[in-house]
Amino acid sequence: ATPGAPKTLYYCVANGEHRISKMDVSTEVYTTLAGAATSGKIDGAMTTARFKDPHGVDVVYHNAGAPILYVADMENHRIRKIDINADS
């Protein structure tokens with residue numbers, strides 16, 4: 001992301017659905033990044049990772065690269081890291 005540029009991507013948690021999602025407001029497309037309808041405690045690729053009642057997400061940009069997300073995985077009592085570039 002370019003400093004000062006308008007942000008078009010928003011990241012959110014769907015705690016009742018145990019998912020981390022992304023919304024592109026420029027295209028109005030909403031996609032699941034990680035997690036699934038089934039809760040769990042699985043680390044790994046975004047498609048296999050499982051969360052249990054995530055409650056918050058913080059987005060950190062490093063050197064204008066892809067964001068790294070930190071997720072409060074409430075019922076698993078963990079802070080989880082999602083590296084968009086690494087798919088983990």
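A quick note: this is a predicted structure, and the numbers were derived from the prediction, not measured.

A few words on the environment of Met46. With respect to the helices and strands, Met46 occurs in the loop between strand 3 (29-35) and strand 4 (54-61). A sequence separation of 12 residues divides Met46 from Ala34, and the C-alpha atoms of the two residues are 4.4 Å apart.

A few words on the sheet that holds strand 6 (residues 78-83). Ordered in space as 4-5-6, the three strands form an open sheet in which the pairing is antiparallel. The two strands at the open ends of the sheet, each matched to only one other strand, are strand 4 and strand 6. Taken pair by pair, the neighbouring strands of this sheet meet at an average axis angle of 20°, ignoring direction. Pairing analysis gives six bridges linking strand 5 (residues 67-73) to strand 6, with the strands arranged antiparallel. Bridge pairing in strand 6 places Asp73 opposite Arg78.

Our next topic: the packing of aromatic side chains. Note on aromatic pairs: each is described by the distance of the centres and the angle between the planes. Scanning all chains against the criterion turns up zero aromatic pairs. The cationic tip of Arg80 hangs over the ring face of Phe51; the distance from NZ or CZ to the ring centre is 4.5 Å.

Cut-off values and rules
- Residues numbered from 1 in each chain as written.
- Predicted model: local features only at pLDDT ≥ 70, side-chain atom pairs only at ≥ 80, totals over all residues.
- Heavy atoms only, no water.
- Helix = DSSP H or I, 4+ residues; strand = E, 2+ residues; numbered from the N terminus.
- Pairing = 2+ DSSP bridges.
- Axes fitted to C-alpha atoms, helices over the stretch in contact; angles between N-to-C directions.
- Phe/Tyr/Trp six-rings, centres within 6.5 Å; stacked < 30°, edge-to-face > 60°.
- Lys NZ or Arg CZ within 6 Å of the ring centre and 35° of its normal.

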